[in-house]
Amino acid sequence: MKENTEKRRRHRSPEQRRDFLRSLCFLSPSVLGVSVFFVLPFAVVVYYSLTDLGGQFVFLDNFKNLFRNQVFRLAAMNTLRFSAAAVPLAVILAIVLALLLEARIPMKSYFRTFFLSPMMVPVASVVLIWQVLFSYNGTLNVLLTHYGADKIDWLQSEYAPIVVVLLFLWKNLGYNMILFMAGIANIPKELLEVADVAGAGELYKFFHIKLRYLSPTVLFVTILSLINSFKVFREVYLLTGNYPYTSLYTLQHFMNNMFGSMDYQKLSAAAVIMAIAMVILIAALFAAEDWFGRDVEG
Amino acid sequence: MRKKRYFGRTLDFLLCAVFALAFLMPTVLTITNSFMSEAEINANYGAVFAGGGGGYVSKNVNLKFIPDKVSFSQYIGGLIKSPEYLVKFWNSVLLVVPIVAAQVCVAAVAAYGFTRWRGRVRSFIFFFYVILMLMPYQVTLVPNYLVSEWLHILNTSWAIILPGAFAPFSVFLLTKFMRRIPYALIEAAKVDGATEWQIFTRICLPQCRSALYSIAILVFIDYWNMVEQPLILLPSADKQPLSVFLSNINAGEIGLAFAMATVYMLPSLLIFLHGEEYLVEGIAHQGSVKG
């Protein structure tokens with residue numbers, strides 16, 4: 001306690017003030033750049049979302065219009081559904097892969113390389129290959145007909161989101177897996193040995209020890225996958241264009257098309273909602289992680 | 001007991017192998033198919049990409065890994081006959097190299113600021129950086145367009161380079177690395193009368209050399225494959241990087257697309273093979289957001 005007050009008093013000393021100025025010297029280039037290229041655009045978004053075409057302040061009208069807009073509702077629902085399916089899969093499968101590689105199997109480092117390889121494939125060839133695999137005359141349908149099943153138009157039907165989820169997983173699992181492998185390496189070995197001696201089963205060890213220690217990693221991977229689930233629009237767009245099958249029309253398509261028609265009001269309102277949703281989700285995830293990893297330090 | 005474990009391990013291995021094959025398939029397919037002649041490509045994939053040139057087109061797609069006859073015609077066509085691909089490739093280099101260099105430099109200085117001095121204001125700024133880092137790019141991409149219009153850098157490479165140079169991602173990651181440097185090292189240098197700049201360049205930077213590598217690799221791979229920033233901020237086609245142009249190669253030139261994608265993959269591939277340890281370390285250290 002006493003130390004604490006001493007520290008606080010020191011904070012006002014001239015030495016500390018000089019330190020503050022020094023730190024400002026180091027921080028200012030970055031803070032300046034971030035302000036211009038990241039914070040200022042965000043301010044512009046907020047401004048547009050609250051004003052009408054003539055710059056008149058309209059408070060929440062743009063948001064009300066947006067929520068009444070059928071297309072926006074469709075896009076928001078599709079995005080929500082996609083992320084709700086893709087993100088948990090990306091987390092769970094990455095844990096499974098990390099645990100698999102953790103078990104001492106031969107050629108471990110090769111497998112790691114293989115799983116990371118999607119990182120470097122250019123988007124264009126990913127899209128080409130996905131077309132070869134999933135288009136109406138594509139490889140998958142060739143296989144299906146070979147086994148007597150009917151052809152499915154994967155990209156132009158209710159199945160389309162599944163194809164995109166597969167693409168998303170292919171792209172992101174390796175990265176997530178590395179994060180989990182690092183997390184697993186940080187679990188104290190003694191704890192697992194004690195559990196072994198006490199005769200704990202693999203499942204018990206996983207849920208009561210490993211997962212506890214992994215909870216910060218789970219949080220990070222969840223957030224990362226969430227952001228990446230928005231990025232998959234790039235591939236969807238190249239696969240199916242501006243107006244894809246209804247179930248693939250996401251918020252990003254909506255925003256893209258609003259940009260095309262110069263409707264900055266709707267666009268900004270959608271962006272603000274997206275930002276608010278992100279902040280709420282992240283806060284909720286932080287709270288969940290706090291609760292879940294409550295008696296684990298670090 | 002032992003037998004059971006052995007069996008389990010074999011199963012693990014097989015499972016991994018299946019996953020690995022699926023993951024590796026697109027990469028391998030891109031590379032091997034780039035050595036097929038136009039005719040072979042059309043015969044194999046004509047069914048998918050309707051409108052592909054003449055010749056025999058099978059009704060169904062024929063996924064093939066090994067070319068019938070290795071042919072460099074796609075490379076010759078793309079690299080020698082039409083130099084525009086080389087120009088775009090060079091455009092990519094001119095955009096990505098400055099971004100990587102600038103982002104790492106700016107981030108190193110800022111990360112030192114965040115590591116060396118802590119306080120309420122600075123932790124708030126740092127937290128704000130994390131939030132910005134986590135924002136989907138769609139939120140600010142269009143306003144970025146307006147800001148670069150206002151700064152008169154729209155449709156110049158600065159519109160891509162400047163936001164890239166200040167992206168908060170590297171600051172976040174590098175700060176996490178730097179906080180691991182023992183404080184005693186810095187304190188000792190200070191006692192010896194070193195200035196802050198000297199502490200930064202002579203003690204801090206050498207200590208996190210591998211971190212700088214891994215961040216540079218991560219940033220490079222990310223920006224090398226960018227598509228949407230140049231589409232919006234750099235509309236003139238002659239300035240765009242190859243990553244954008246690759247997606248515009250039309251359906252009749254699939255073979256060319258594979259060949260150019262392979263060429264484009266080369267730098268990432270080399271970096272990947274030489275710096276995988278750094279790459280993995282860079283990813284691994286992101287760990288928890290709070291740290």
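Residues numbered from 1 in each chain as written. Chains lettered and ligands numbered in written order. Predicted model: local features only at pLDDT ≥ 70, side-chain atom pairs only at ≥ 80, totals over all residues.

> An account of the overall build of chain B is needed here, citing residue identities and associated values.
When helices and strands are tallied, chain B shows 14 helices and zero strands. Taken over the C-alpha trace, chain B has a radius of gyration of 24 Å; the compact-globule value for 291 residues is 19 Å, which it surpasses by more than 25%. Overall, the C-alpha framework of chain B stretches about 80 × 70 × 30 Å when taken along its three principal axes. Taking all 291 residues of chain B together, the buried fraction comes to 45%. (Helix = DSSP H or I, 4+ residues; strand = E, 2+ residues; numbered from the N terminus. Rg over C-alpha atoms; globule rule 2.2 N^0.38 Å. Buried ≥ 20, exposed ≤ 12 C-beta atoms within 10 Å, placed from the backbone.)

> Could you give an account of the overall build of chain A, with specific residues and numbers?
From N to C terminus, chain A includes 13 helices and zero strands. Each helix (α) and strand (β) of chain A, taken in turn from the N terminus, gives the series α-α-α-α-α-α-α-α-α-α-α-α-α. Burial statistics for chain A: of 298 residues in total, 41% are counted as buried. Considering only contacts in chain A between residues 6 or more positions apart, those separated by 24 or more positions represent 71%. (Contact = placed C-beta atoms within 7 Å.)

> Would you mind going over the interface of chain B and chain A in detail, with residue names and values included?
Taken residue by residue, the interface counts 74 residues in chain B and 72 residues in chain A. Its residues placed into classes, the side of chain B that touches chain A shows 52 nonpolar, 14 polar and eight charged. (Nonpolar A, V, L, I, M, F, W, Y, C, P; charged D, E, K, R; others polar.)

> Describe the environment of Asn172(A), naming the residues involved and giving the relevant values.
All names here are of chain A. Mapped onto the secondary structure, Asn172 falls in helix 8 (residues 160–185). Spatially, the C-alpha atom of Asn172 lies 7.2 Å from that of Ala90, the residues being 82 residues apart in sequence. Not counting residues up to four positions away in its chain, the partners in contact with Asn172 are Ala90, Ser225 and Asn228.

> Mind laying out the nonpolar core, listing which residues take part and the relevant values?
If you look at the biggest cluster of nonpolar residues, it comprises 162 residues, and the most contacted ones within it are Ala94(A), Ala270(A), Leu174(B), Ala257(B) and Met260(B). The biggest single contributor to this core is helix 4 (residues 84–116) of chain B, with 16 residues. Setting aside its immediate chain neighbours within four residues, Met260(B) contacts Gly78(B), Tyr85(B), Leu246(B) and Ile249(B). (Core = buried A, V, L, I, M, F, W, Y, C linked by C-beta atoms within 7 Å.)

> Can you lay out helix 14 (residues 254–284) of chain B for me, pointing to particular residues and giving the numbers?
Structural remark: α-helix, 3.6 residues per turn; residues separated by three or four positions point the same way. For helix 14 of chain B, spanning 31 residues, the distance from its first C-alpha to its last is only 37 Å, which falls clearly below the expected 45 Å at 1.5 Å a residue. Along its length, helix 14 of chain B reaches its greatest deviation from straightness, about 85°, at Gly275(B). (Expected span 1.5 Å × (residues − 1). Bend = angle between axes of the 7 residues up to and from the residue.)

> So, the packing of helix 4 of chain B against helix 8 (residues 168–178) of chain B: which residues are in play, and what are the values?
Residue and element names in this part refer to chain B. Their axes nearest at 8 Å, the elements helix 4 and helix 8 cross at an angle of 50°. For the element pair helix 4 / helix 8, the angle class is oblique. Once helix 4 is placed against helix 8, the crossing between them reads as right-handed. Residues Gln103, Val104, Ala107, Ala108, Ala110, Ala111, Tyr112, Phe114 and Thr115 of helix 4 form the contact with helix 8, whose own contacting residues are Ser170, Val171, Leu174, Thr175 and Met178. (Axes fitted to C-alpha atoms, helices over the stretch in contact; angles between N-to-C directions. Parallel < 35°, antiparallel > 145°, perpendicular 65-115°, else oblique. Left-handed = near helix turned anticlockwise from the far one by under 90°.)

> Report on the domain arrangement of chain A, specifying residues and quantitative values.
Residues and elements named next belong to chain A. Split by domain assignment, chain A resolves into domain 1 (1–50) and domain 2 (60–292). Across the boundary between the two partners, domain 1 contributes four residues, which contact seven residues of domain 2. Here the side of domain 1 that touches domain 2 is composed, by residue class, of three nonpolar, one polar and no charged. (Domains from an automatic or database assignment.)

> Could you give an account of the confidence of the model for chain A, with specific residues and numbers?
All names here are of chain A. Confidence in the prediction for chain A averages 84 pLDDT; 94% of positions are at 70 or higher. Taken element by element, the predicted model of chain A shows its lowest mean pLDDT in helix 1 (residues 2–10) (48) and its highest in helix 4 (residues 70–102) (92). Predicted confidence for residues 1–6 stays below pLDDT 50, and this span has zero contacts to residues more than four positions away or in other chains. (pLDDT = per-residue confidence, 0-100.)

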